[in-house]
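Chains, contacts and geometry: an overview
Listed below, chain by chain, are the residues.
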Amino acid sequence: MKSNPLPAFDGAYLERYRRGELSPAEAHALEKAALEDTLLADALDGFRLASLDTTADLSMLRSRLNDRIETNQAVVRQLPKTRFFSPFMRVAAMLLLLIGAGWFSYVYWIDPRESTLASNAPAPSPVSEQRTFAESSPTQPPTPLALPPAPVQQSESVQYRPDRTIRPVEVQLETREMSSDKPEEDLIVKAEEPPASSETKQIEVVSADNTVKDLDKVNAEVAQKELDLATSRQATAMTLTAKEKSLKRSKMDIQRADKPEPVAGWAAYEDYLYGNGSRKSVAPTASNTVTRWEVLLSFEVDDKGRPTEIRVEESGGTYYDGAAKKLLVEGPDWKPGKPGSRGQLRVHF
Amino acid sequence: MAFLKHIRNSQLTDADLVVLYKESGDLAVLGELYQRHMDLIYGVCLKYLKDPEQSKDSVMAIFEELTLKLRKHEVAHFRAWLHQVARNHCLMYLRSPRNKNSLPLPEELMHSVENEHLNAVMEKEQHLQDMSKCLEQLNPEQKLVVESFYLKERPYQEIAEQTGLDWNRVRSLIQNGRRNLRICMDKLTPID
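Definitions and limits used
Residue positions within a chain follow its written sequence, with the count starting from 1. The lettering of chains begins at A and the numbering of ligands begins at 1, in the order of writing. Reporting of local features is limited, given that this is a predicted model, to residues whose pLDDT is at least 70; pairs of side-chain atoms are given and counted only at 80 or more, and all residues count toward the totals for whole chains, interfaces and linings. By the criteria applied, helices consist of DSSP H or I runs no shorter than four residues and strands consist of E runs no shorter than two, each listed in order from the N terminus. Partly exposed residues are those whose C-beta has more than 12 but fewer than 20 other C-beta atoms within 10 Å; with 20 or more the residue is buried, with 12 or fewer it is exposed, and the C-beta atoms are placed from the backbone. C-beta atoms are placed from the backbone for every residue, and two residues are taken to be in contact when these atoms lie within 7 Å. By definition, pLDDT measures how confident the predictor is in each residue, and it falls between 0 and 100. A set of buried Ala, Val, Leu, Ile, Met, Phe, Trp, Tyr and Cys residues, joined to one another through C-beta atoms within 7 Å, is what we call a nonpolar core. Whether two strands pair depends on DSSP finding at least two bridges between them. For this classification, Asp, Glu, Lys and Arg are treated as charged, while Ala, Val, Leu, Ile, Met, Phe, Trp, Tyr, Cys and Pro are nonpolar and the rest, including Gly, are polar. Only the stretch in contact is used when fitting a helix axis, every axis being a line fitted to C-alpha atoms; angles between N-to-C directions are given from 0 to 180 degrees. Any angle between 65 and 115 degrees counts as roughly perpendicular, while under 35 counts as roughly parallel, over 145 as roughly antiparallel, and the rest as oblique. Here a crossing is called left-handed whenever its near helix is offset anticlockwise from the far helix by less than a right angle, and right-handed whenever the offset is clockwise. In a helix, the anticipated span is given by 1.5 Å times the number of residues less one. To get the bend at a residue, fit one axis to the 7 residues ending there and another to the 7 starting there, then take the angle between the axes. Taken from the helix axis, the directions to the C-beta atoms give the arc we talk about.

Each helix and strand counted, chain A has 13 helices and eight strands in total. Looking at chain A residue by residue over its 349 residues, the buried ones come to 31%. A separation of at least 24 residues holds for 76% of the contacts in chain A among residues at least 6 apart in sequence.

Here it is, written out as structure tokens:
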């Protein structure tokens, strides 16, 4: 039943009944309604038994009820402002959110190595091929770099330190000084193609060969590219970082003596890497615009001279890890080093 | 806005306000609903407690009970349910050891309890022919009072003055006569 008539017999009406101010018809209607409404009947009894005027009491009750409701609403309005949504809390929550988002982005999305490579990639450097050296002994002549047959359109350049005059000879002297106290240091050979090419490739091999040749020839090549280097100070500053990394690696590689090495020598192995078509198989795809990746593999050599137990020490991603492993597995035989020693091969793509 | 809200709520039925309060928990809605019956609740408290101050406190305490109970219970008929809550509150107050000796419950106020189920029965009052037969079966005192109240529509006070009976005696005769009439009419017209 939707219709619910408002109570016709309120406190004032009952008070009038108590005072005898109702007409007989009104009183009878009230009494008759009370016979059918137990609440009204009880209320009628209560008012009839009241000794004093109930008007003031009813007025006070309404006032108390309104105060109760308004107090509650005031509390409800006040609570959110003071506890949850104050300006200070909003600013604090926003700052906390920003800091958290920044930390998350830094930890999970920014790969320091990728950012370094990316910063190197767009460098407007005319350098198409770089060479770094770490001489095994200052008394020995430098060995010729085991470079692959360079394409016709490629040119050569040499890294340098921007805080010095651009003379590759000085660079070599510096590296000689740094390694002069380590006569047994391995040779680090690093060949790198320009990052702009889709077929760029950089291979670094660790060699125990202590003979270094044709340093004069390299110096001559460096002299020819001196002017080009002068126009690419910024780019070479970035490659210096790579060179420092290479020097650090060379120090680490000093301890790798007596480790497995290619049967045919590092130069021949490098030729294999360049010459057997592996370059195409490991070249970056069109969708992958990153121009350089490197993978460091470690492995053991079995009795047949084949690499086994290949392990990725420094990953360049799933694609390049697989490509490097394929090069190693399908490549020439290796000479085992000391028992239990593991060979290492760093492949740059 | 509060004024408009009050106008909007005042046009709703008790059942609508009950639903609205259950959904919103708005104390203003419950206040609007309670205020419709608060005077009668005060009268109920006066009847049982016989103390105006205690009755006023009880009226406010019952309101606090409603804020919780109304959200828990399914209430089909709010007015009857509220009466039950109010009466239980007063009886619990009287039964507590602290108040047991201070406010004895007068026996004359207990008469209405037995009449709670008369509402549906009174629908049969339309059967006047049956009623007239049953009126003849009442004792003379009950017949006189019932005829004065229902047929002549006299208030209790006038009947008391005419018959010389006490006001409570008049009401008691009427209530007993109603019960006897119900029994008589149920025999004549069995309830389906």
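Don't stop here, the text continues.
Each helix and strand in chain B was counted, giving 10 helices and zero strands. Put simply, chain B runs from its N terminus to its C terminus through helices and strands in the order α-α-α-α-α-α-α-α-α-α. Every one of the 192 residues in chain B was classed for burial, and the buried ones make up 29%. Looking at chain B alone, contacts between residues at least 24 apart form 59% of all its contacts between residues at least 6 apart.

As a further point, take the confidence of the model for chain A. All names here are of chain A. Averaged over every residue, the pLDDT of chain A is 66; the share at 70 or more is 48%. Every residue in residues 1–7 scores below 50 in pLDDT, and together they form eight contacts with partners more than four places removed in sequence or on other chains. Confidence drops under pLDDT 50 across residues 115–211; counting only partners more than four residues distant or on other chains, this segment forms 216 contacts.

Ile41(B), Val44(B) and Cys45(B) are the most contacted members of the largest nonpolar core, which has 43 residues in total. Going through the elements one at a time, α1 (11–19), α2 (24–36), α3 (38–49) and α4 (55–84) of chain A together with α2 (14–24), α3 (27–49), α4 (52–72) and α5 (78–95) of chain B are the ones with two or more residues in this core. The element best represented in this core is α3(B), accounting for 14 residues. Setting aside its immediate chain neighbours within four residues, Ile41(B) contacts Val59(B), Ile62(B), Leu82(B) and Ala86(B).

As a further point, take the pairing of strand β8 (residues 343–348) of chain A. Residue and element names in this part refer to chain A. Taken across its six residues, β8 has five buried, putting it largely inside the fold. The pairing of strand β5 (residues 294–301) with β8 spans six bridges and is classified as antiparallel. Looking at β8, one finds that Glu294 is bridged to His348.

In this complex, chain A contributes 38 residues to the contact, which on the side of chain B involves 40 residues. At the level of secondary structure, the elements contributing two or more residues to the side of chain A that touches chain B comprise α1, α2, α3 and α4 of chain A. For the side of chain A that touches chain B, the residue count by class is 21 nonpolar, seven polar and 10 charged.

Here the focus is the packing of α2(B) against α3(B). The geometry of a pair of packed helices is captured by two quantities: the angle between their axes and the separation between those axes. All names here are of chain B. It is at 8 Å that the axes of α2 and α3 come closest, and there the two elements cross at 155°. In terms of axis orientation, α2 runs roughly antiparallel to α3. Along this stretch, α2 crosses α3, giving a crossing that reads as left-handed. Along its contact with α2, which presents Asp14, Leu17, Val18, Leu20, Tyr21 and Ser24, the element α3 presents Val29, Leu30, Glu32 and Leu33. Considering only residue class, the contact of α2 with α3 consists of seven nonpolar, one polar and two charged.

A regular strand places its side chains so that they alternate between the two faces of the sheet. All names here are of chain A. Here β5 shows one buried face, formed by Val295, Leu297, Phe299 and Val301, and one open face, formed by Glu294, Leu296, Ser298 and Glu300. Note: β5 against strand β6 (residues 307–314), five bridges, orientation antiparallel. Residue pairing across strands places Leu296 opposite Glu314, the latter belonging to β6.

On to α3(B). Three- or four-residue spacings in an α-helix give side chains the same orientation, since the helix completes a turn every 3.6 residues. Residues and elements named next belong to chain B. Taking 1.5 Å of rise per residue, 23 residues should cover 33 Å, yet α3 covers just 27 Å from first to last C-alpha, more than 12% shy of that figure. Within α3, the axis deviates most sharply at His37, by approximately 50°. Judged by how many residues are buried, α3 sits mostly within the fold: 20 of 23 residues are covered.

A few words on the packing of α4(B) against α5(B). Residues and elements named next belong to chain B. Between α4 and α5, whose axes approach to 10 Å, the crossing angle comes to 120°. Compared by their axis directions, α4 and α5 come out oblique. Regarding α4 and α5, the two cross each other, and that crossing is right-handed. Residues Ser58, Ala61, Ile62, Glu65 and Lys69 of α4 form the contact with α5, whose participating residues are Val85, Ala86, His89, Cys90 and Tyr93. For the contact of α4 with α5, a count of residues per class yields six nonpolar, two polar and two charged.

Residues and elements named next belong to chain B. Looking at the secondary structure, you find Lys187 in helix α10 (residues 167–188). Classification of Lys187 as exposed rests on a count of 10 C-beta atoms within 10 Å. As a C-alpha pair, Lys187 and Asp130 span 57 residues in sequence and 9.9 Å in three-dimensional space.

The next thing to look at is unusual backbone geometry. Residues other than glycine seldom take positive phi values, yet Glu309(A) does so here, at roughly 50°. Position of Glu309(A) among the secondary structure elements: in strand β6. On the neighbour-count criterion, Glu309(A) (10 C-beta atoms within 10 Å) is exposed. The residue Lys50(B) is not glycine, and still its phi comes out positive at about 60°. Take Lys50(B): it is sitting in the loop between α3 and α4. Note on Lys50(B): 20 C-beta atoms within 10 Å, which makes it buried.

Residues and elements named next belong to chain A. With 13 residues, helix α13 (residues 318–330) should reach 18 Å at 1.5 Å per residue; the first-to-last C-alpha distance of 18 Å fits that figure. Those residues of α13 that sit buried are Tyr320, Ala323, Ala324, Leu327 and Leu328. For α13, the arc enclosing every buried residue in end-on projection is 135°, short of the 170-degree limit, so these residues lie on one face. The exposed residues of α13 that point more than 90 degrees off its buried face are Thr318, Val329 and Glu330.

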